[in-house]
Amino acid sequence: METITVDELIRKEKERLEQQIRFITEADKVKNIFRQTYLADGKRKENDAEHSWHLALSAVLLKEHMKEEADLTKVMIMVLIHDLVEIDAGDTYAYDEAGAATKREREVKAAERIFGLLPEDQGSYFRALWDEFEEYETADAKFAHLLDNFQPLLLNDASEGKSWAEHGVHKSQVCRRNARIEETSELVWEKMLEIMDKHVERGNLNED
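Quick notes on the rules
Residues numbered from 1 in each chain as written. Predicted model: local features only at pLDDT ≥ 70, side-chain atom pairs only at ≥ 80, totals over all residues. Heavy atoms only, no water. Pairing = 2+ DSSP bridges. Helix = DSSP H or I, 4+ residues; strand = E, 2+ residues; numbered from the N terminus. Buried < 20%, exposed > 50% of the residue type's maximum accessible area, 1.4 Å probe, protein only. Phe/Tyr/Trp six-rings, centres within 6.5 Å; stacked < 30°, edge-to-face > 60°. Lys NZ or Arg CZ within 6 Å of the ring centre and 35° of its normal.

Undergrad: With reference to specific residues and values, describe the pairing of strand S1 (residues 34-38).
TA: The pairing of S1 with strand S2 (residues 45-47) spans two bridges and is antiparallel. Within the sheet, the bridge partner assigned to Phe34 lies in S2 and is Asn47. Hairpin remark: S1 followed by S2, antiparallel, with six residues in the connecting loop; positive phi at Gly42, about 75°.

Quick look at the structure:
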């Protein structure tokens, strides 16, 4: 069995710390990735870091409304890292069909580079969580997707449908994007429909 000296152990620990620092520093770039959703006050658009923090906070509050039991810690990590790929891939607006065509390819390439900055065990864990989120099959991934979809709808509601109106979004598009929310939480889905109908009435969201 190979014997590791104290000096070698210290060297490996320092190397691991440097990898973690590189990742932490790289993740800071997500603060400069701006989304199409406005903050609740409508004064400016939110960035990905703000979005991810808001989802993690919402996870703590909304877990009780989910049909299936979810691992809160895992979901919080999932939503905190799910948009890091946009550092390289950029933000693809939810209703941008042209951008959606290349989104997967761009984001997979980004995931390989960004999570590859970490020590192998941590990088593999984050990549596995990112893949689980993308596959949208487990209870944890379903909860994370609900948070990712519900939060921008709430901000659209608070900002008087500003982003929807600017992009000429239709209710059918919002419903199609959120088609699986009901299987995760009927209560949240009912609230989403209520918000959509309100903004159709106000002219901020197209009816068809």
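Undergrad: How would you explain the environment of Leu9 if you had to name every residue and give the values?
TA: Structurally, the position occupied by Leu9 is in helix H1 (residues 6-27). The class for Leu9 is partly exposed, based on a relative accessible area of 45%. The spatial distance from the C-alpha of Leu9 to the C-alpha of Gly168 is 58 Å, given a sequence separation of 159 residues.

Undergrad: I'd love a proper account of the packing of aromatic side chains, names of residues and values included.
TA: Across all of its chains, the model carries four aromatic pairs by this definition. Here the aromatic rings of Phe115 and Phe126 are separated by 6.3 Å at their centres, their planes lie at 80°, and the arrangement is edge-to-face. Note that Phe115 is positioned in helix H5 (residues 97-115) and Phe126 in helix H6 (residues 120-135), a separation of 11 residues in sequence. Among the aromatic residues, ring-to-ring pairing joins Phe23, Phe115, Tyr125 and Phe126 into one connected group. For Lys162, the ring lying beneath its charged end belongs to Tyr38, and the centroid distance is 4.4 Å. In this arrangement the basic side chain of Arg180 is found over the ring face of Tyr136, its NZ or CZ atom lying 4.0 Å from the centre.

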